[in-house]
Each structure stands twice: as structure tokens, then as C-alpha cells.
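In case you want the letters, here they are:
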Amino acid sequence: MEPETFELREGKILTCTNSSNNDDINSIVDEGILMFKRRHSPIFSRIGSSISIVALIAHLITFCLVPILRNLPGYNLASLSLALILAYSLALIGQIPEVTGVFCIVSGVLQVNFLLTSLLCMNVLSFDIWRTLKRSKSKMVICSHNKERNQFIKYSIYSWGLPLLVSCISVMIDNTEGVPSWIKPHFGRWNICWITNSKAKVIFFTTMGVVVLLSNTVFFVMSAFIIKNNTMKNTSDQLKQTARLNFFLYVRLGFMMGLTRLICIIAILSNERIFWIIFDVLRSLQGLFIFLLFTCSRRVFKYIRDKNSVRTPQTSATDS
């Protein structure tokens, strides 16, 4: 091998360099990994992302049409769905060969932003479930529309504002001279519409993902203890049932998204192609999971059935 070159052998990165600069070595390794991933990006990952976009749009349409979905957890889930739609769309755009230069950089920055937003939206969902169950231990859970709206605004500032702040900081660092190369994300380098510096990716993306994953686990465990101990003393049976149902639904969603992040970490550490494929499949189908869990639910089907049953007698009476 020639100096300052890399070679892919059985999924491993082999490098040869005569430079004493570690940044140069990391740059070569990062490029090899990213180019390897781009060349071997499975077509079903793109198909899965397209399916998820359609499924999430269908969920948002259902959310707008079915009133029973328009509560605080429903708004939080809609926020997550919107973030995923934007992230999936930008990921597909970033894979178009003609998207280069500034457009590739913008696509990469926005992908990071909306993926972080989706992570924090999931964090909001897990926190809100725990908060609802905790409040139900001591008093009736009676929330007016205004209180729910104000709470949703607070959640949105957190889940959309913090990623925006992180993205702005990463862009500033990326375009500031004198900043060490190892901390720069290098968005759009080699026409890869993503963070192309592995160390910067840990700082600006992976760390938040791990923290959110651990946080979600803690909230879900505490929620499970509340349900197991049956401490919701002053809450009506209907509210208890709804809280339990929401909890188990969001646990499934949280498990699926958490498993996806875990596979991603394993793929990064091992750089084995099979883990990248599994990660791509799970990541690309998250929107479909949301649609199947929350849109294709008994509550939604019951609402549609009841609404149709009410219309049918009226139509018959009009015809007679």
C-alpha cells in the first residue's frame, strides 16, 4: 500500500501513512468507513425510509382527523413523527449523487438536527408517561386544554430547541479557523452528507443518543414500578387503563428505537457489515412501527366504526 492510502479488506480498514499527525490518520479511516458504508448502502434501506415517510404522513393525517388522538401524548407523538419525516426525507436527498457541495452540507446538518429532535421527542414521550403516572398517585389527573397546550409548548422548546442549538454550535465550529480538526464535524466532506469525523460524531450526536437512551430506560422502569405497585389510588379506572395502555405502547416504541441505537453503537465499534445492515433496516422502518402501533390501534378503529354506525342510520332515515 502507498503511504496515506487506505484499503478495505473484509470490512476492515487498513491504512498506511508516514504522517505523525493523528488527525490525518483519523481522516483516512473516517473516509474509508464512510465510503464503504455509502457503496454498500442497501437498497431496502431506502425503500424502508420511503415506506416510513408514507406511514408517518398517514399517521399525521389520522391524528388530524381523529379527535381521540389529539391529547398531550398524541401531540408529542405527532412531533416525533414530523421530526422523523424530515430526517428520512433529508437522508434520501443526501444519497442522491447530484447532491454535492453546499447542498450536501446543508442536508447533513439538517439530518443531524432532526435526528436529534426525534431522540428528544422520544425522551419527552417517556418522561410524560412517567409524569402522568406519578401525578396519578396522589390526585386526580385533570388537565385542561390550555394546560396541555402549555406543557406541549415546553416539551417542544426542549425537543426542537436543544438540537437546533447543538446544530448551530457544530456549524460554527466547523467553519471557524483555528479550531482543532479532530473536533470539527466536517459536514459534506467527500460529498458524504453527514458528520464525517468520527470523534466529532461522538461529541455532537452519539453522546446525546446514549444519554437519551439511558434516560428513557430510567423513566420506563420508574413507570413500570408505579403500575406494578398499583399506586394510582385516586385515579378512575378508565384513566388507569389509558395510562397503562399508553405505557406499554411507548415501551414497545422505546424498545425498538433503543434497540436501533444499540445496534448502531455495535456497528460503529465493530464495523461489521451485518450490523450496519440490521441498523439500516431498523432505522428505516421506525415510521412504519409508529403507524402500526398507534394509528392501526383498536381505539382508532373503534372511533371509525362508531362514526360510520352513526352516519348509517341517518342516511337510511334520509333515504326513506
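Residues numbered from 1 in each chain as written. Predicted model: local features only at pLDDT ≥ 70, side-chain atom pairs only at ≥ 80, totals over all residues. Heavy atoms only, no water.

(A) Spotlight on the pattern of salt bridges. All chains considered together, the criterion is met by 3 salt bridges. We note a salt bridge from R131 to D128, for which the minimum N-O separation is 3.6 Å. Of the two residues, R131 and D128 are both situated in helix α4 (residues 101-135); the distance of 3 residues between them amounts to about one turn of the helix. Here D128 falls in the buried class, since its relative accessible area comes to 3%. Linking D280 and R283 is a salt bridge whose minimum nitrogen-to-oxygen distance equals 3.7 Å. Placement of the pair is D280 and R283 together in helix α8 (residues 273-284), with a separation of 3 residues, close to one helical turn. Residue D280 shares its accessibility class with R283, and that shared class is buried. (Salt bridge = Lys/Arg side-chain N within 4 Å of Asp/Glu carboxyl O. Helix = DSSP H or I, 4+ residues; strand = E, 2+ residues; numbered from the N terminus. Buried < 20%, exposed > 50% of the residue type's maximum accessible area, 1.4 Å probe, protein only.)

(B) The packing of α4 against helix α6 (residues 198-229), seen in detail. Remark: α4 packs on α6, axes separated minimally by 9 Å, with the N-to-C direction vectors making an angle of 15°. It follows that α4 is roughly parallel to α6 by the angle criterion. When the axes of α4 and α6 are compared, the crossing they make is left-handed. Within the contact of α4 with α6, the residues separate by chemical class into 19 nonpolar, 6 polar and 1 charged. (Axes fitted to C-alpha atoms, helices over the stretch in contact; angles between N-to-C directions. Parallel < 35°, antiparallel > 145°, perpendicular 65-115°, else oblique. Left-handed = near helix turned anticlockwise from the far one by under 90°. Nonpolar A, V, L, I, M, F, W, Y, C, P; charged D, E, K, R; others polar.)

(C) Structural context of the packing of aromatic side chains. With the rule as written, the count across this model stands at 8 aromatic pairs. Ring geometry for F114 against W160: centres 6.1 Å apart, planes inclined by 70°, an arrangement best described as edge-to-face. Taken together, the residues F114 in helix α4 and W160 in helix α5 (residues 145-174) connect sequence positions 46 residues apart. Classification of F114 by relative accessible area gives buried; the value is 13%. Taking the centre distance of 5.4 Å and the plane angle of 75° together, the rings of F127 and F219 count as edge-to-face. With F127 in helix α4 and F219 in helix α6, this pair connects stretches of sequence that are 92 residues apart. We classify F127 as partly exposed; its relative accessible area is 27%. Feature note: the residues F127, W130, Y155 and F219 constitute an aromatic cluster, connected by ring pairs. (Phe/Tyr/Trp six-rings, centres within 6.5 Å; stacked < 30°, edge-to-face > 60°.)

(D) Representation of the nonpolar core. Of all hydrophobic cores here, the largest spans 25 residues; its most connected members are L77, L80, Y250, L253, I290 and F294. At the level of secondary structure, the elements contributing two or more residues to this core comprise α2 (43-65), α3 (72-94), α4, α6, α7 (237-270) and α9 (286-295). With 6 residues, α4 is the single largest residue contributor to this core. For L77, the contacting residues outside a window of four places in its chain are H59, L125, Y250, L253, I290 and F294. Within the second largest apolar cluster, 21 residues are counted, among which are V112, V166, I192 and V212. (Core = buried A, V, L, I, M, F, W, Y, C linked by side-chain atoms within 4.5 Å. Contact = heavy atoms within 4.5 Å.)

(E) Structural view of the state of the cysteines. What the rule picks out here adds up to 1 disulfide. Here C104 engages in a disulfide with C193; their sulfurs sit 2.2 Å apart. In this structure, the disulfide formed by C104 and C193 twists by about -125° around the S-S bond and is classed as left-handed. Within this pair, whereas C104 is found in helix α4, its partner C193 is found in the loop between α5 and α6, the two being separated by 89 residues in sequence. The exposure class of C104 is buried, given its relative accessible area of 0%. With relative accessibility at 7%, the residue C193 sits in the buried group. (Disulfide = S-S within 2.5 Å.)

(F) Here's a closer look at the side chain of S223. Residue placement: S223 occurs in helix α6. Excluding residues within four positions of it along the chain, S223 makes contact with I129, W130, L133 and F247.

(G) Highlighting α6. Between its terminal C-alpha atoms α6 stretches 44 Å, which fits the 46 Å expected from 32 residues at 1.5 Å a residue. Largest kink in α6: about 40°, centred on T206. The N-terminus of α6 is capped by N197, whose side-chain oxygen sits 3.2 Å from the backbone nitrogen of K199. (Expected span 1.5 Å × (residues − 1). Bend = angle between axes of the 7 residues up to and from the residue. Polar contact = N/O pair within 3.5 Å; in protein donor to acceptor, adjacent residues only side chain to side chain.)

(H) Expanded view of the UniProt feature "transmembrane region" (unreviewed entry) in the chain. The positions UniProt marks with the feature "transmembrane region" (unreviewed entry) are residues 43-68, 75-96, 108-130, 155-173, 202-227, 247-268 and 274-295. Between the first and last C-alpha atoms of residues 43-68 the distance is 37 Å; the span itself is 88% helix and 0% strand. Along residues 108-130 the backbone is 100% helical and 0% strand, and the end-to-end C-alpha distance reaches 34 Å. (UniProt positions renumbered as here; feature names shortened; annotations may be inferred.)

(I) Focus on a nonpolar patch on the surface. Residues I43, F44, I47 and I51 make up a contiguous nonpolar surface patch of roughly 370 Å² in combined accessible area. Looking at the element boundaries, I43 is found in helix α2. Assessed through its relative accessible area of 53%, I43 is described here as exposed. (Patch = residues over 30% accessible without salt bridge, like charges linked within 9 Å, V, L, I, M, F, W, Y side chains within 5 Å. Areas by Shrake-Rupley, 256 points an atom, 1.4 Å probe, with all protein chains shown as cover.)

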